[in-house]
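Residue-level listing of the chains:
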Amino acid sequence: MAQALVLSLFVSACDSDSGEGTAGFSEISVEDAAQLITDTPGLVIIDVSPLYDAGHIPGAVNYPVGDGSLDAAIPMLDSNATYLVYCHGDAPAIEGAQKLVDAGFENVYRLLGNYGAWVDAGYDVEVTTTPSYMDISVEDAAQLIADTPGLVIIDVSPVFDD
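Okay, so let's go over this structure. (Residues numbered from 1 in each chain as written. Predicted model: local features only at pLDDT ≥ 70, side-chain atom pairs only at ≥ 80, totals over all residues. Heavy atoms only, no water.)

**Examining the pairing of strand 4 (residues 82-86)**
The cut-off we apply is this: Relative accessibility thresholds used throughout: buried, under 20% of the residue-type maximum; exposed, over 50%; partly exposed, between the two (1.4 Å probe, protein chains only). Helix numbers and strand numbers start at the N terminus; a helix is a DSSP run of H or I with at least 4 residues, a strand a run of E with at least 2. Any two strands between which DSSP finds at least two bridges are classified as paired.
Counting buried positions along strand 4 gives five out of five residues, so the element sits mostly inside the fold. Burial along strand 4 is two-sided: T82, L84 and Y86 and Y83 and V85, pointing in opposite directions, are all buried. Of the strand pairs in this sheet, strand 2 (residues 44-47) and strand 4 are connected by four bridges, and their pairing is parallel. Across the sheet, I45 pairs through a bridge with L84, a residue of strand 4.

Spelled out as structure tokens, the structure:
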């Protein structure tokens, strides 16, 4: 009887149907994540992937877990907010969600299937495009300088000796 009780408790503890991750965060489906985004004002969506620029969930911020960005950001984040964490793979997403939980965050969700599941379900994505450059006239440059406080100008022209 005691062995049956221990086995029953072990099986119950390993049951993942509740959606609660064993590490203190909840794992949610793409559909539930979309609903969370719609229903949760102030939700912070964190993409812990280095592939953020190639595509991400609209409104997501990028704190890659592998380069220390997430660790650096955690002290500045509101531990009372609700967070949705995802990546392009399970291990970094789980690690990112766990880091938030370990730092005392209580409302942490991890997107099951990650970015690929989001795309496969047909939800919107954003792609960061970095504009290359554009030629502007001297007049336009002068106006840009006048209109943009804190503008940084970098001269990349070669040095000519006359």
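**Section: a nonpolar patch on the surface**
Quick reminder of the rule: A residue counts toward a patch only above 30% relative accessible area and without a salt bridge, and it is joined to like-charged neighbours within 9 Å or, for Val, Leu, Ile, Met, Phe, Trp and Tyr, to nonpolar neighbours within 5 Å. The method behind every accessible area is Shrake-Rupley, applied with a 1.4 Å probe, and residues are considered shielded solely by the protein chains displayed. Salt bridges are defined by distance alone: a side-chain nitrogen of Lys or Arg within 4 Å of a carboxyl oxygen of Asp or Glu.
A cluster of nonpolar side chains, namely I136, L144, I145, L151 and I153, defines an oily patch on the protein surface of about 440 Å² accessible area. Along the chain, L151 turns up in the segment after helix 6 (138-147). On the accessibility criterion, L151 (35% relative accessible area) is partly exposed.

**Some thoughts on the environment of H88**
Rules: Whether two residues are in contact is decided by their heavy atoms: any pair within 4.5 Å suffices.
Structurally, H88 can be placed in the loop between strand 4 and helix 4 (90-102). Judged by relative accessible area, H88 falls into the partly exposed class, the value being 35%. A sequence separation of 25 residues divides H88 from G113, and the C-alpha atoms of the two residues are 8.3 Å apart. The residues contacting H88, other than those within four sequence positions of it, are S49, L51, G55, N114 and Y115.

**Regarding the nonpolar core**
Here is the rule: We call a set of buried Ala, Val, Leu, Ile, Met, Phe, Trp, Tyr and Cys residues a nonpolar core when their side-chain atoms join them within 4.5 Å.
One finds I46, V48, Y83, L100, F105 and V108 to be the most contacted residues of the largest nonpolar core, which totals 17 residues. For this core, the secondary structure elements donating two or more residues are strand 4 and helix 4. Excluding anything up to four places from it in sequence, I46 contacts V61, Y63, L70, L77, Y83, L84, V85, Y86 and L100. One finds V30, L36, I45 and L111 within the second-largest nonpolar core, a separate group that totals 16 residues.

**Focus: helix 4**
Here is the rule we go by: A helix is expected to span 1.5 Å for every residue after the first.
The end-to-end C-alpha separation of helix 4 is 18 Å, in line with the 18 Å expected for 13 residues at 1.5 Å each. Turning to helix 4, its buried residues are A93, G96, A97, Q98, L100 and V101. Tucked into the core, helix 4 has its buried residues touching strand 2, helix 3 (69-73), strand 4, strand 5 (107-111) and helix 5 (114-120). Following helix 4 by one or two positions, G104 has its phi on the positive side, about 100°.

**Re the sheet that holds strand 3 (residues 61-62)**
As a reminder, the rule being used: Only the stretch in contact is used when a helix axis is fitted, and all axes are lines through C-alpha atoms; the angle between N-to-C directions ranges over 0 to 180 degrees.
Reading across the sheet, the five strands line up as 1-5-4-2-3 and stay open at both edges, with parallel pairing between neighbours. Looking at the sheet topology across the chains shown, the edges are occupied by strand 1 (26-28) and strand 3. For strand 4 and strand 5, the ladder comprises four bridges, and the chain directions are parallel. Residue pairing for strand 5: Y83 is matched across the bridge by V108. Set on the sheet, helix 2 (residues 30-39) makes contact with strand 1, strand 2, strand 4 and strand 5; between it and strand 1 the angle comes to about 105°.

**Here's the deal with the packing of aromatic side chains**
Formally: Between rings of Phe, Tyr and Trp, where Trp is taken as its six-membered ring, a pair exists when centres lie within 6.5 Å; planes separated by under 30 degrees are stacked, by over 60 edge-to-face, and by other angles tilted.
All told, the structure shown has three aromatic pairs when counted by the stated rule. Pairing Y86 with Y115 gives two aromatic rings, centres 6.4 Å apart and planes at 20°, and the pair type is stacked. With Y86 in strand 4 and Y115 in helix 5, this pair connects stretches of sequence that are 29 residues apart. On the accessibility criterion, Y86 (0% relative accessible area) is buried.

**Some thoughts on the pattern of salt bridges**
All chains considered together, the criterion is met by three salt bridges. Between R110 and E27 there is a salt bridge whose closest N-O contact spans 3.1 Å. Taken together, the positions of R110 in strand 5 and E27 in strand 1 put the pair 83 residues apart, joining distant regions of the chain. We classify R110 as buried; its relative accessible area is 3%. The partner of K99 in a salt bridge is D71, with the nearest N and O atoms 2.9 Å apart. With K99 in helix 4 and D71 in helix 3, this residue pair connects regions lying 28 residues apart in the sequence. Residues joined in a network through salt bridges with shared partners are E27, D90 and R110.

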